[in-house]
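Results of the structural survey
Read off the chains here:
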Amino acid sequence: MDSTLVLFCFFNILPRILAEQEVENLSGLSTSPDKDIFVVRENGTTCLMAEFAVRIVVPFDVLAMNGIDLITEQALMTLPRGAEVQGKCGSTEAELQMSWNKDAYTFSLFFIKEAHNLSKGQDVVWKINKIQFAYDTNEPSHFGNAFNPEKHTASSHRLSAFVTPAGRSYECQAQQTISLISSDHQKGVTISMSEVRIQPFDIKIDFMFSEAYKCITDQREQLEEMLPLILGIILALIIVITLAVYHIHQKMTANQVQLPRDRSQYKNM
C-alpha cells in the first residue's frame, strides 16, 4: 500500500477514535413519569443534554367494514423509558436519536448553530432545524389492522424551533406542537413536546445545563402569575402614600392659628 494512502487513512481515522462518544439514557432519574433525560458525552465530557416529554400522534388507514372504503385512525404514543439512544456532537451540528420496539420507531432531533450578521454585530444562536419520526405500521401495538402496512418517515419542513442564544440552554414547560409530513400519502404527524430543557452545544460544566433561555409562553405565564402580586404592591403603595399625605396635612392644619368665625372677635385679637 502506498505510504501516502496509509498516512491519509491514519489521520482521517485517528480523530474518530480519539473522539469517543457515549450516550446515556438517564430517564430513570426523572421525577416526572413522562419526562425523559438523555446525555451525550465525548471524551468523558458532556457535549449534549436533553430533557423532555414527547407525545406523537400518527394517522393511518384501516379498511372499513364494507371491505372497500378506507378509514383514517390515529395512533398515540410516547417515548418509553427503555428507548435506545444514539447521539452526535459537533461544533456547529449535533444530533439525538431515540429508537424503541426493535427499531420499529425512531425519533430524531437535529441541531445546528449559526451566526447572523446584525448592525450591532454578529448574533450566534442554535436551534432545531429538523425533526424526523420513522415508524413501521406493521408494528401491531399501535397499528392494529393497518391497511397496506409498511415503513414510513415523517419529516419537518424548513424548521426553525427552540431558537436560543449560543452558550445557553433552552427551557420551556409549556407544550409546543410541531407538524411533520409523512411519506404515507402526505399525512400529518403531530409532535407535542413539553417540560423541555435542551442544550446541544457549549456545555461548560459536566452534567449541568448552562443558563436557561425561557420560551415566550413560559415568560408570559410567569408574568401572569406575578401580575396579581405586582398590582397588590402598587395598591399597598398607593394606600401608604395616601395615609402619609393625610397625616402630614392634618399635622400642618393643627399647627395653623385658628381664626374666629365671628368678625367682632377680631377686635380682641
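Placed above this text is the structure.
In this report, we go over the structure that sits alongside the text.

Cut-offs and rules
- Residues numbered from 1 in each chain as written.
- Predicted model: local features only at pLDDT ≥ 70, side-chain atom pairs only at ≥ 80, totals over all residues.
- Heavy atoms only, no water.
- Helix = DSSP H or I, 4+ residues; strand = E, 2+ residues; numbered from the N terminus.
- Buried < 20%, exposed > 50% of the residue type's maximum accessible area, 1.4 Å probe, protein only.
- Contact = heavy atoms within 4.5 Å.
- Areas by Shrake-Rupley, 256 points an atom, 1.4 Å probe, with all protein chains shown as cover.
- Disulfide = S-S within 2.5 Å.
- Pairing = 2+ DSSP bridges.
- Patch = residues over 30% accessible without salt bridge, like charges linked within 9 Å, V, L, I, M, F, W, Y side chains within 5 Å.
- Salt bridge = Lys/Arg side-chain N within 4 Å of Asp/Glu carboxyl O.
- Polar contact = N/O pair within 3.5 Å; in protein donor to acceptor, adjacent residues only side chain to side chain.
- Core = buried A, V, L, I, M, F, W, Y, C linked by side-chain atoms within 4.5 Å.
- Phe/Tyr/Trp six-rings, centres within 6.5 Å; stacked < 30°, edge-to-face > 60°.
- Lys NZ or Arg CZ within 6 Å of the ring centre and 35° of its normal.

Section: the overall build of the protein
- Looking only at helices and strands, the protein features two helices and 14 strands.
- Put simply, the protein has 269 residues, and 36% of those count as buried.
- Considering only contacts within the protein whose residues lie at least 6 apart along the sequence, 55% involve residues at least 24 apart.
- A total accessible area of about 17,300 Å² is found for the protein, and carbon and sulfur atoms account for 55% of it.

Observations regarding the state of the cysteines
- Applying the stated rule across the entire model yields two disulfides.
- A disulfide bridge connects Cys-172 with Cys-215, and the sulfur atoms are separated by 2.1 Å. Residues Cys-172 and Cys-215 are joined through a disulfide that is right-handed, its torsion about the S-S bond being 70°. With Cys-172 in strand S11 (residues 169-172) and Cys-215 in the loop between strand S14 (212-214) and helix H2 (216-255), the pair connects residues that are 43 residues apart, well separated along the chain.

Comments concerning the pairing of strand S9 (residues 151-155)
- Here S9 shows one buried face, formed by His-152 and Ala-154, and one open face, formed by Lys-151, Thr-153 and Ser-155.
- Here strand S8 (residues 121-136) runs beside S9; their pairing, made up of five bridges, is antiparallel. The partner of Asp-136 across the bridge, within S9, is Lys-151.
- Bridge count for S9 against strand S12 (residues 176-182) is two bridges, and the pairing is antiparallel.

Regarding a nonpolar patch on the surface
- Taken together, the side chains of Ile-233, Leu-237, Ile-241 and Val-245 present a nonpolar region at the surface, about 380 Å² in accessible area.
- Relative to the helices and strands, Leu-237 is located in helix H2.

Concerning the environment of Phe-111
- Position of Phe-111 among the secondary structure elements: in strand S7 (residues 105-118).
- Taking the C-alpha atoms as reference points, Phe-111 and Leu-96, separated by 15 residues in sequence, lie 8.5 Å from one another.

Side note on the side chain of Arg-197
- Assignment of secondary structure puts Arg-197 in strand S13 (residues 188-199).
- A distance of 2.9 Å separates polar atoms of two side chains, one belonging to Arg-197 and the other to Ser-169.
- When sequence neighbours within four positions are dropped, the list of residues in contact with Arg-197 reads Met-49, Ala-50, Glu-51, Ser-169, Tyr-170, Glu-171, Phe-209, Ser-210 and Ala-212.

What to know about the nonpolar core
- The biggest cluster of nonpolar side chains holds 49 residues, and the ones touching the most others in it are Phe-52, Ile-56, Leu-96, Phe-107, Phe-111 and Phe-133.
- At nine residues, the largest contribution of residues to this core is made by strand S3 (residues 45-63).
- Dropping the residues within four chain positions of it, Ile-56 is found in contact with Ala-75, Leu-76, Met-77, Trp-100, Phe-107, Phe-133, Val-189, Thr-190 and Ile-191.

Looking at the environment of Ser-141
- Along the polypeptide, Ser-141 turns up in the loop between S8 and S9.
- The sequence separation of Ser-141 and Ala-75 amounts to 66 residues, and the corresponding C-alpha distance is 9.3 Å.
- Aside from chain neighbours lying at most four places away, what touches Ser-141 is Asn-101 and Tyr-105.
- At a separation of 2.5 Å, a polar atom in the side chain of Ser-141 contacts the side chain of Glu-139.

A look at the pairing of S8
- Pairing of S7 with S8 involves 14 bridges; the strand directions are antiparallel. Its bridge partner lying in S8, His-116 is registered against Asp-123.
- Sheet topology places S8 next to strand S10 (residues 161-165); three bridges connect them, and they run antiparallel. Residue Trp-126 lies in a different strand from S10, and its bridge partner there is Thr-164.

Focus: the packing of aromatic side chains
- In the structure shown here, the tally under the stated rule is eleven aromatic pairs.
- When the ring of Tyr-105 is compared with that of Phe-143, the centres are 6.3 Å apart and the planes differ by 35°; the resulting orientation is tilted. Residue Tyr-105 is located in strand S7, and its partner Phe-143 is located in the loop between S8 and S9; the two are separated by 38 residues in the primary sequence.
- Using a relative accessible area of 3% as the deciding quantity, one classes Phe-143 as buried.
- Pairwise contacts between aromatic rings join Phe-60, Trp-100, Tyr-105, Phe-133, Tyr-135 and Phe-143 into one cluster.
- Here the basic side chain of Lys-130 rests over the ring of Phe-110, its NZ or CZ set 5.4 Å away from the ring centre.

No statement about biological role is implied by the geometric values presented.
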